[in-house]
Amino acid sequence: LLLFAEHPSWFSLDTLLIVHTGKKSGQTVAPGAGAVMGANASKLEKALAEAPEDERYYGLENFGNTCYCNSVLQALYFCKPFRERLLKYAAALPPTTEENLLNCLAELFNQINSSKKKTGVVSPKKFVNRLRRDSELFRGHMHQDAHEFLNYLLNQSCELLEQEAKANSQQLQQQQQGGAGKGAAAGGGAGAGAGPAAGVAAVSPTQAQGCVPQPPITTWVHEIFQGKLVNETRCLHCETVTCREEVFMDLSLEIDQNTSLTSCLRNFSSMEMLDRDDKFFCDHCCCLQEAKKRMLLRSVPPCLILHLKRFKYLEAQSRLRKLMYRVVFPMELKLANTTGDDPAAGDTLYNLTAVVVHVGSGPHHGHYVSLIKSGPQWLFFDDENVELITESQVQSTFGSTSEYGQNNMDHGYILFYERAG
């Protein structure tokens, strides 16, 4: 992993704990370093005197290149809608619940949230072990991609909640059918078997579900992060517009040199010409035709995650390269590329609450940290280390004005926005 001190960027300021401890990410703390960290924790507690009383600011122990995991977990912990629903979910879990990734995460968040001290360090070992058991991708100690981990975590959380909802539904059906069966038996007589209750009882829950199409299950994770896109394709021959709806948990945006997040969002919804080998099959014309297509936001979630595509495969060089481009992202964001289906969507104001930063020159090595806004203050989370920073230091992660970055290796990678109000 790269040390921040190796780069003359804002991360190397001696106000940050990584300089105080002299510790590389992923290494164990040397004897005596704990006292230094303890002293710095006390300073942090004093600095956070005006922070919300019920808020906790805990670093996460690194288990060998798990900074990709720690940085995302910090961003999710400080995503209040997600944290509140997860803690509520944890409180309702029966003691005999089988261990899975979601309840391991809930246990970790609960451990931080219920801590008596305002600052400290916790170990996400149980969560990391579960992650490595569940996914081969994260089993080794190689550098991993924070965005891939975030996608995996949110998708797995949705799947686990959907499985629980289906199991609860089947259990409820069985109870209802059991009650109906007892009622029919109590009625007695040869004609009892021909009644409607007996007919229902004869159908298993699985068969009953097969008779009626089941609507997709919407979990609380979907409610927080899921939005809807509409893919509009206009045939240039007959002018027929074909619309296809898609859902998203985050938006991945192409980036260019010296651009802005707003510009990236506009480009995301720009018109694309479909011609030559990419013609569109028009159902109205019943053949391939030239067409124009674009993607628009139909509905936006309470918490919007934006992924800047900083890693690009270069065919000419047959390798993956990191794009050091400067992309300015605002502290407040309004979305312009929305459909007319949700008139309020375009006026929705979002506040930047977290930035997952990639530090390094390439996609296969480097380090991840997270910058979190809590109340009026910004904080820097680097594994076990936590420190207050300024908004101008957050802005220094926009990127470099030169193509290869030169001295700036600290780049905003995943942006977390929450709906204002």
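Heads up: the structure comes first, above all this text.
Residues numbered from 1 in each chain as written. Predicted model: local features only at pLDDT ≥ 70, side-chain atom pairs only at ≥ 80, totals over all residues. Heavy atoms only, no water.

Asker: Honestly, the overall build of the protein chain in this entry has me stumped. Any pointers?
Answerer: In terms of regular secondary structure, the protein chain is built from twelve helices and 20 strands. Burial analysis of the protein chain (421 residues in total) assigns 46% to the buried set. Of the contacts made within the protein chain by residues no fewer than 6 positions apart, 69% connect residues no fewer than 24 positions apart. Of the roughly 20600 Å² that the protein chain leaves accessible, carbon and sulfur atoms contribute 51%. (Helix = DSSP H or I, 4+ residues; strand = E, 2+ residues; numbered from the N terminus. Buried < 20%, exposed > 50% of the residue type's maximum accessible area, 1.4 Å probe, protein only. Contact = heavy atoms within 4.5 Å. Areas by Shrake-Rupley, 256 points an atom, 1.4 Å probe, with all protein chains shown as cover.)

Asker: Any chance you could explain helix α4 (residues 80–91) here in plain terms?
Answerer: Since the α-helix advances by 3.6 residues per turn, residues separated by three or four positions end up pointing in the same direction. For α4, spanning twelve residues, the distance from its first C-alpha to its last is 16 Å, which sits close to the expected 16 Å at 1.5 Å a residue. Of all the positions in α4, only F82, R83, L86, L87 and Y89 are classed as buried. Seen end-on, α4 carries its buried residues on one side only, within an arc spanning 155 degrees. Opposite the packed face of α4, turned more than 90 degrees from it, sit the exposed residues E84, K88 and A91. (Expected span 1.5 Å × (residues − 1). Arc of directions from axis to C-beta.)

Asker: In this structure, what is going on with the side chain of H411? I would like to understand it.
Answerer: Topologically, H411 is positioned in strand β20 (residues 410–419). Separated by 3.3 Å, the side chain of H411 and the backbone oxygen of M409 make a polar contact. If we skip the residues at most four places from it in the chain, H411 touches R310, K322, M324, V356, V357, H358, T397, G399 and S400. (Polar contact = N/O pair within 3.5 Å; in protein donor to acceptor, adjacent residues only side chain to side chain.)

Asker: Help me understand the packing of α4 against helix α5 (residues 101–113), please; the structure alone is not making it clear to me.
Answerer: Relative to each other, α4 and α5 sit at 105 degrees, their axes nearing to 9 Å. Taken together, α4 and α5 sit at an angle that is classed as roughly perpendicular. Here F82, R83, L86, L87, Y89 and A90 of α4 come into contact with α5, specifically with L102, L105, A106, F109, N110 and N113. A class-by-class count of the residues in the contact of α4 with α5 yields nine nonpolar, two polar and one charged. (Axes fitted to C-alpha atoms, helices over the stretch in contact; angles between N-to-C directions. Parallel < 35°, antiparallel > 145°, perpendicular 65-115°, else oblique. Nonpolar A, V, L, I, M, F, W, Y, C, P; charged D, E, K, R; others polar.)

Asker: Got a minute to help me understand the sheet that holds strand β7 (residues 272–274) in this structure?
Answerer: Note on sheets: strands pair through backbone hydrogen bonds, and any given pair is parallel or antiparallel. If you walk across this open sheet you meet the four strands as β4-β3-β10-β7, and the pairing is antiparallel. Edge positions in the open sheet fall to β4 (241–248) and β7, since each of these has one partner strand only. Each strand of the sheet is rotated relative to its neighbour by a mean of 30 degrees, with strand direction disregarded. For strand β3 (residues 227–235) and strand β10 (residues 291–299), the ladder comprises eight bridges, and the chain directions are antiparallel. Paired with L229 across the strands is L297, a residue of β10. (Pairing = 2+ DSSP bridges.)

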